[in-house]
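# Remarks on the overall topology
Letter by letter, the chains look like this.
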Amino acid sequence: MKAVRRKWWFGLLGLLWMPSAFAVVTINIRHAYGQQFPVAIVPFKGESGLPVADRPSAIVRQDLKGSGWFNIVPVKDYLALPHHATQVEFNDWRLLKVTALVIGHVQSAGNGQYNVAFRLYGVDKGEQLAGLQYHVQASQLRAVGHTIANAIFKALTGVRGIFTTRIAFVTMYPRGLPGHYLYELKIADAEGHDVRVILRSTHPIMAPNWSPHGRRIAYVSFETGWPAIYLQDVATGARRMVAAYHGLNSAPAFAPDGTHMAMCLSKSGYPEIYVKNLATGHLRQLTFGPDINTEPHWSPGGNHIVFTSNRSGHPQIYEMNAEGGDKRRLTFDGRYNADASFSPDGKWLTLVSRQKGQYHAALFQLADSTLEALTQTSLDESPTFAPNGQEILYSTVEEGHRALVTVSVNGRGRRVLGLRGGDISGPAWSPFHHQ
Amino acid sequence: MKIYKSTMILGCLAALAGCANQQTKPTQTPASATASNSTNTQAAGAGQSSGMNGQSMALSSFPHLVHFRTNSAFINGANRKIVKENAAYMLANPTVRVRLEGNTDERGTAQYNMALGQRRADAVKHLMEVLGVPASHMATISFGKSRPIAMGHNPQAWAINRRVHFNYKYFASK
């Protein structure tokens, strides 16, 4: 058992030219539901000498494609491969019917440093929508790719990109004897790269949950032999125990303002939802009764909590106010709906829904109570919204092992994160600010 | 080995799932090894410390696992018999302490399964109390789906993993 310190890499420098006019071709995401916009990304000049994984244009291509909103037209169809503004002939790109064009270059600046620049064009009007230059270490080339993808995503959709956010999850590795595993709590970038282990134990670790500013992670660890909720500073590794009551200590969920934490305890004899004041330690019970009440998640404004209860005989999603009043059932379709959490705009829930015996990550629209499965897989768990609300990350079985998968909310983009080894579960997506 | 098989048969009856499947056997065999190990470790201490009713029940003479149906904490007839055997052992050996460890299969959500595993452990504890075992001699814990003993993603593995384990070793090793 040890808490692992994490070192953050820092910083992108430099801003050479700003877009002349922002957000001219803004794609309305609501209208884009079910539609993908064709984009051309020309391989950047000077990046062929870099490892494929470090090439900024390849990262941009992968990020934008994975978001589900764009169809990246293959390079072999391009009529030209421009690298500078003066080389762009917009008619070439209008023939390809692309909405936007990305060009750029990578230049070595000596001492293992690089200058990376890109320009984004709206093809119809033939104008520049975004353009930035960065001066970075070789080790930051991937980060630059993600930052460029963020800028492009924002310029084209009006929505913030999530390509520099991070995810937390638990990997378990069999240790020979059945029922014996090694558990690792890890953090990675949104693609599953740059993995860091922040806690390792031969006892179960589960249910990581980010604090609102992404500085801390709450989780359940059994390291004492019994379950307890801990709070760990991501950067320093410093941590403290938040809940170690008799029975369950599970399902920690930070309130949006970070002052309180909802959780499921069974110290009364039944699994019930409580809210703990993290400053004073004061604990308040919000659910009562001999049923299962668990998996609390706060609304973005902090006024409501959704949770799973089997009071109807089967797990279904309920909502209550943050004081525990006004409880009402939200889901009625099927006999298993569980682990619901809010979209950042508060209009949707993502949850696990059993349909025809298959457990799918699903979307529930609060306005009209419609429930829609997002996946074809059958053992999904722990769906979590990206901080921009455009993607959902979950764990499911892929080729015999649990892996992390993202699916865009329009159901089109699907990525299996390239994490190797063990069974991966309980993913949680960081907020935008994760320092 | 014997114990293990009988446990498995009961577990499979409960799950209404065929257990003859050859594929599940390799994963299960080591499970019996674990059970036997803990059994042997404890049997020596517990057997010596008590000789009630003039008969000493071997800890290895009855199963230490009960099984459940999907999403249920109900203990059916065959599993009730196993609980009774464990209760009889604890009544005959009043110094023995047990940790009742609830587990679930991998289907559904992790934290709901934590609650379900707790309900299963609590249901066994309640039945043990009804049978006369003092509550203070038992503790419960749930591992949810975090400690499967069968690794497959199929109904046979799920049936094996929906279990409460009578862990006599936990407190004995403290």
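What counts and how
Residues numbered from 1 in each chain as written. Chains lettered and ligands numbered in written order. Predicted model: local features only at pLDDT ≥ 70, side-chain atom pairs only at ≥ 80, totals over all residues. Helix = DSSP H or I, 4+ residues; strand = E, 2+ residues; numbered from the N terminus. Rg over C-alpha atoms; globule rule 2.2 N^0.38 Å. Buried ≥ 20, exposed ≤ 12 C-beta atoms within 10 Å, placed from the backbone. Contact = placed C-beta atoms within 7 Å. Nonpolar A, V, L, I, M, F, W, Y, C, P; charged D, E, K, R; others polar. Pairing = 2+ DSSP bridges. Axes fitted to C-alpha atoms, helices over the stretch in contact; angles between N-to-C directions. Parallel < 35°, antiparallel > 145°, perpendicular 65-115°, else oblique. Left-handed = near helix turned anticlockwise from the far one by under 90°. Core = buried A, V, L, I, M, F, W, Y, C linked by C-beta atoms within 7 Å. Domains from an automatic or database assignment.

Moving on to the overall build of chain A. Each helix and strand in chain A was counted, giving four helices and 30 strands. Taken over the C-alpha trace, chain A has a radius of gyration of 23 Å; the compact-globule value for 435 residues is 22 Å, and the two agree within 12%. The buried share of chain A, reckoned over its 435 residues, is 49%. Here the analysis covers contacts within chain A between residues at least 6 apart in sequence; of these, 47% occur between residues at least 24 apart.

With 31 residues of chain A in contact, the opposing surface of chain B contributes 23 residues. At the level of secondary structure, the elements contributing two or more residues to the side of chain A that touches chain B comprise β10 (205–210), β14 (249–254), β18 (293–298), β22 (337–342), β26 (381–385) and β30 (423–429) of chain A. Looking at the side of chain A that touches chain B, its residues break down into 19 nonpolar, nine polar and three charged.

Let's shift gears to the pairing of β18(A). Residue and element names in this part refer to chain A. In terms of burial, β18 is largely enclosed, as six of its six residues are buried. Here four bridges tie β18 to strand β19 (residues 304–309), and the two strands are oriented antiparallel to one another. By the bridge assignment for β19, His 297 is matched with Val 306. Hairpin geometry of β18 and β19 is characterised by an intervening segment of five residues between the two adjacent antiparallel strands and by a positive phi of about 80 degrees at Gly 302.

On to the packing of helix α2 (residues 56–67) of chain A against helix α4 (residues 141–157) of chain A, then. Residues and elements named next belong to chain A. For the pair α2 and α4, interaxial distance at closest approach is 8 Å and the crossing angle is 45 degrees. In this view, α2 runs oblique relative to α4, as classed from their interaxial angle. For the pair α2 and α4, the crossing hand works out as right-handed. Between α2, through Pro 56, Ile 59, Val 60, Asp 63, Leu 64 and Ser 67, and α4, the contact on the second element is made entirely by Leu 141, Arg 142, Val 144, Gly 145, His 146, Ile 148, Ala 149, Ile 152 and Phe 153. Its residues assigned to classes, the contact of α2 with α4 shows ten nonpolar, three polar and two charged.

With that out of the way, let us pick up the nonpolar core. Generally speaking, nonpolar side chains in soluble globular proteins are found buried as a group. Membership of the largest hydrophobic core comes to 149 residues, with the highest contact counts inside it found for Val102(A) and Ile152(A). Ranked by the residues each element gives to this core, the list is headed by α4(A), at ten residues. In terms of domain composition, this core takes at least three residues from each of domain 1 (2–157) and domain 2 (166–429) of chain A. By size, the runner-up hydrophobic cluster in this structure holds six residues, among which are Ile149(B), Ala150(B), Ala159(B) and Ile160(B).

On to the sheet that holds β14(A). All names here are of chain A. A sheet is described by the order of its strands in space; here four strands give the open sequence β14-β15-β16-β17, paired in antiparallel fashion. Whereas interior strands pair on both sides, the edge strands pair on one side only; in this sheet they are β14 and β17 (283–285). On average, each strand axis in the sheet is inclined to that of its neighbour by 25 degrees, with strand direction left out of account. When strand β16 (residues 272–277) meets β17, the two strands line up antiparallel, connected through three bridges. Considered in β17, the bridge of Val 275 is made with Arg 284.

With that settled, consider the environment of Val306(A). Residue and element names in this part refer to chain A. Along the chain, Val 306 falls in strand β19. Judged by C-beta crowding, with 24 C-beta atoms within 10 Å, Val 306 ranks as buried. C-alpha of Val 306 to C-alpha of His 246: the two residues are 60 residues apart in sequence and 24 Å apart in space. Discounting chain neighbours no more than four positions away, the residues touching Val 306 are His 297, Ile 317, Tyr 318, Glu 319, Leu 330, Ala 340, Phe 342 and Leu 349.

Moving on, we come to unusual backbone geometry. Residue and element names in this part refer to chain A. Phi at Ala 207 is positive, roughly 60 degrees, even though this residue is not glycine. Position of Ala 207 among the secondary structure elements: in strand β10. For Ala 207, a count of 28 C-beta atoms within 10 Å puts it in the buried group. You will see that Ser 369, though not glycine, has its phi angle at about 60 degrees, which is positive. Mapped onto the elements of the fold, Ser 369 is located in the loop between β24 (358–365) and β25 (370–373).

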